[in-house]
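One-letter residues, chain by chain:
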Amino acid sequence: MTKTIGHTCWAIAEGHIPGRSNGPEPQMTSHETACILNAGDRTARVRITLYFANREPVGPYEVEVPARRTRHLRFNDLEDPAPVPRDTDYASVIEADVPIVVQHSRLDSRQSELALLSTMAFPVS
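Residue numbers restart at each chain and count upward from 1, following the sequence in its written direction. Owing to the predicted nature of the model, reporting of local features is limited to residues with pLDDT of at least 70; listing and counting of side-chain atom pairs is limited to 80 or more, with chain, interface and lining totals taken over all residues. Each side-chain value is derived from all of the structure's non-hydrogen atoms; neither hydrogens nor water enter the calculation.

### A look at the packing of aromatic side chains
When the centres of two rings from Phe, Tyr and Trp lie within 6.5 Å, Trp using its six-membered ring, the rings pair. Their planes under 30 degrees apart give stacked, over 60 give edge-to-face, and anything left gives tilted. For the structure on display, the rule yields two aromatic pairs. Ring centres of phenylalanine 52 and tyrosine 90 lie 6.4 Å apart, and the angle between their planes is 50°; this geometry places the pair in the tilted category. With a gap of 38 residues between them, phenylalanine 52 in the loop between strand E3 (44-51) and strand E4 (58-65) and tyrosine 90 in strand E6 (residues 90-108) connect regions that are remote in the sequence. Judged by relative accessible area, which is 13%, phenylalanine 52 ranks as buried. For the exposure calls, accessible area comes from a 1.4 Å probe over protein chains only, and a residue counts as buried if that area is under 20% of its type's maximum, exposed if over 50%, partly exposed in between. Judged by relative accessible area, which is 5%, tyrosine 90 ranks as buried. Put simply, DSSP H or I for four residues or longer makes a helix, DSSP E for two residues or longer makes a strand, and each gets a number counted from the N terminus.

### Topic: the pattern of salt bridges
We define a salt bridge as a side-chain nitrogen of Lys or Arg found within 4 Å of a carboxyl oxygen belonging to Asp or Glu. Following the criterion strictly, the structure yields four salt bridges and no others. With a shortest N-O distance of 2.9 Å, arginine 47 and glutamate 62 are connected by a salt bridge. Of this pair, arginine 47 sits in strand E3 while glutamate 62 is found in strand E4, placing the two residues 15 residues apart along the sequence. Judged by its relative accessible area of 41%, arginine 47 falls in the partly exposed class. In this structure, a network of salt bridges that share partners links the residues Arg45, Glu64 and Asp97.

### With respect to the environment of phenylalanine 75
Relative to the assigned elements, phenylalanine 75 resides in the loop between strand E5 (69-74) and E6. Residues phenylalanine 75 and isoleucine 17, 58 residues apart in the sequence, show an inter-C-alpha distance of 8.2 Å.

See below:
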């Protein structure tokens, strides 16, 4: 690829992992996901910080996305430095040392009639 795509900083202003799910696990577990594309030639070192309405931020959570790869990262699986709380509103800032593209998705399976949403994160830089 001759053209760099993406940005090094992204924001997702909306986040919420429902505390319960309906259907078989892990496929139907309610979750939030950051879909990260690294179309470049270097591994992306990614840092995620979570922001809350009534407490200090948590992070950074650190992950890598190899060059010319994608990673679908469930916020439910983030554990270090702390598990992401359920039934709690939050926002996230995602920073990388190389340009990446970030898309946000949510599966809310609290009811048998599922709700799935997906939206682009906001590119900051």
